[in-house]
Amino acid sequence: MDPHYDAQDVARCDLCEIAIVQSYCDFCHVNLCKPCIGEHISDDYSTKHIIVPFQQRRSTPIYPKCEKHLNKTCELQCKDCNIFLCTDCLASEQHNKEHKLSKLEEVFHQKKDHIHRDKEEIKEELLPVYEEIATEIINQITNLDVDYKNYTSQMSKHREELHREIDNVMDQREKEIDENKLKHLSILTKHLEEIKQLQSLMQESLHNLNEMEESNEVTPTFHYSSKNQEFSKLPPKVIVSMPKFIPKPIEKEELCRLIGKLTPLSTTLEERVFTAKKPNTSVRELLDEPEVLNTIKTGHEKLYNVTCLNEEEIWTSGLTTADIKCFNTQGVLQKTIKTKSGKRPNDIAVYSDGALVYSDWRTRTVYKVKNDQTEEIIRLQGWIPFKLCVTSSGDLLVTMFSDDKTQSKVVRYSGSTVKQTIQFDDDGQPLYSGNYNIKHITENRNLDICLADWEAGAVVVVNQAGKLRFRYTGPPSSTKNKPFKPGGITTDSQSRILTSDGDNHCIHVLDVDGQFLRYIDNCDLEGPTGLCVDNDDSLFVCEYNKGNVKRIRYLK
């Protein structure tokens, strides 16, 4: 059945109004059954009827009528005069024979291609950028209370030292903070409104482009002018410098001056430049038969996590020891780090400068280890940190679950500062299962955030702004005996997603959009869990019970 009609609305012939439509006149725009085709054509032999199958209707361009010659359509354009011409116009003496002509059909299809490209650019590239900008500003607004509360707290401590004599002055300074906060909020809100207005304009433009793409009207299509260059000029980034409280030593004689002052709120604009996505030109195909290059025997009884920065630093951790061990690719132990609490880490990750980061659910803390020095970078209340991922921008993604083990979320940190929280979809529904089961996380090359939700039996992928892209719950037709329960997850240079399926002793390989490509199930894997990929696309796989890390080549 034709997709334009549902089961309750069958298209009928416009002439007899009884028979089901089978053909269409693409010139007169009339539905026809077979018996009525002849009658339609015989009505006016001077008309150039175009009879096509009904499914191919409106595939023929609708040319403009000639203003000078009756019943003639213009299929040419004079480039010099910038007017439409019919064949009679060319035959007449009124038009210069030396002028350059172009076929409207060619121009029409060129413009159609341009419209389609513009539509795709807005939908796939420009709108997501604006979504990220809006999310960034919303996060700033969300964190305003926390940031300004810190300043108020500093002033309160200083206030205790200055006693009651400075109460009036301190109240004045707190009023200045509130005023600055309102100004700050006003600036960000105004900028957010401007961004949303631009988003609305782009949505309107996208709607118009959809209509034009579906329309076969030549004149509006011909006169179409792209606005994408205007949209590509991104709005400037608003940078508001936070006010600072500057305390001074206490001297009663100069109390007002010595309390300190709050620097005024300042706003600067930082130019944003839109950069179109570049396709990955270095294509590496999947091997027909993946092969194990070597096996690293870690000594962990229950090996669970693996992460790597380069071939000399393959970090591993398990579920029975506080030891975090580092090997090279040949399996030689390089160093061992013990967790600060003396208990096993939940997960490990590595920053680009070589610093190790690990989570400890007992202390609700994330620690960073560099040059044998351990520092606390994140401590939670009401939530327990679990799995970690260092992003390409140097941020840290942390999966966490609530104390009552009913909610899960992903939080993005810059250092110790929260930048983003991902927990619900556009309908307000949880993106992830609520309990504390496995939720390994990784960032793809296109900045998607990919999470293996063991309890839900799904790989959940959101874009950089936290919007749900897709859920993968297993291949269309599984050849495995047990339900899909993803454990570890990683991505490679081709933006493919790899996730371990411990119960079925294999690895699922997906494309960037979540389409199943193949299994890696020929490498004698036993209970694969944690995964990572190095810069050369070698895959490292933890075997839970054996305590081994297998290095696998799966790309050509």
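These numbers were taken from a predicted model, which means no experiment stands behind them.

Asks: How would you sum up the packing of aromatic side chains? Please name residues and give values.
Replies: Aromatic ring pairs are reported here in terms of the distance separating the ring centres and the angle at which the planes meet. For the structure shown, the criterion picks out 7 aromatic pairs. Note on Phe84 and Phe222: the rings are 5.4 Å apart at their centroids and 80° apart in plane angle, and the pair reads as edge-to-face. Placement of Phe84 in strand E5 (residues 83–85) and of Phe222 in helix H5 (residues 218–222) is noted, with a sequence separation of 138 residues between them. Phe222 sits in the buried class, given a relative accessible area of 16%. With 6.0 Å between their ring centres and 80° between their planes, Tyr304 and Tyr544 make a pair best called edge-to-face. You can see Tyr304 sitting in strand E12 (residues 303–310) and its partner Tyr544 sitting in the loop between strand E33 (539–543) and strand E34 (548–555), a full 240 residues away along the chain. Sitting over the ring of Trp454, Lys485 keeps its end group 4.9 Å from the ring centre.

Asks: How would you sum up the layout of surface pockets? Please name residues and give values.
Replies: When its volume is computed, the second largest pocket comes out at roughly 880 Å³. Looking at the lining of the second largest pocket, the elements that each hand over two or more residues are E12, strand E16 (347–350), strand E20 (383–390), strand E24 (439–443), strand E28 (486–491) and strand E32 (528–533). Counting residues per element, the lining of the second largest pocket draws most heavily on E12, at 5 residues. A per-class count over the lining of the second largest pocket returns 16 nonpolar, 15 polar and 6 charged.

Asks: If you had to explain the pattern of salt bridges to someone new, which residues and values would you point to?
Replies: Under the definition given, this model contains 21 salt bridges. Between Glu136 and Lys237 there is a salt bridge, with the nearest N and O atoms lying 3.5 Å from each other. In this pair, Glu136 sits in helix H3 (residues 104–162) while Lys237 sits in strand E7 (residues 237–241), placing the two residues 101 residues apart along the sequence. Between Asp323 and Lys338 there is a salt bridge, with its nearest N and O atoms 2.5 Å apart. Placement of the pair is Asp323 in strand E14 (residues 323–327) and Lys338 in strand E15 (residues 333–338), with a sequence separation of 15 residues. A network of salt bridges, in which partner residues are shared, links Arg284, Asp536 and Asp537.

Rules and cut-offs
- Residues numbered from 1 in each chain as written.
- Predicted model: local features only at pLDDT ≥ 70, side-chain atom pairs only at ≥ 80, totals over all residues.
- Heavy atoms only, no water.
- Phe/Tyr/Trp six-rings, centres within 6.5 Å; stacked < 30°, edge-to-face > 60°.
- Helix = DSSP H or I, 4+ residues; strand = E, 2+ residues; numbered from the N terminus.
- Buried < 20%, exposed > 50% of the residue type's maximum accessible area, 1.4 Å probe, protein only.
- Lys NZ or Arg CZ within 6 Å of the ring centre and 35° of its normal.
- 1 Å grid on protein atoms, 1.4 Å probe; cavity = no way out; pocket = protein on both sides within 12 Å on 5 of 7 lines; lining within 4 Å.
- Points joined across faces, edges and corners; volume = space filled by probe spheres on them.
- Nonpolar A, V, L, I, M, F, W, Y, C, P; charged D, E, K, R; others polar.
- Salt bridge = Lys/Arg side-chain N within 4 Å of Asp/Glu carboxyl O.

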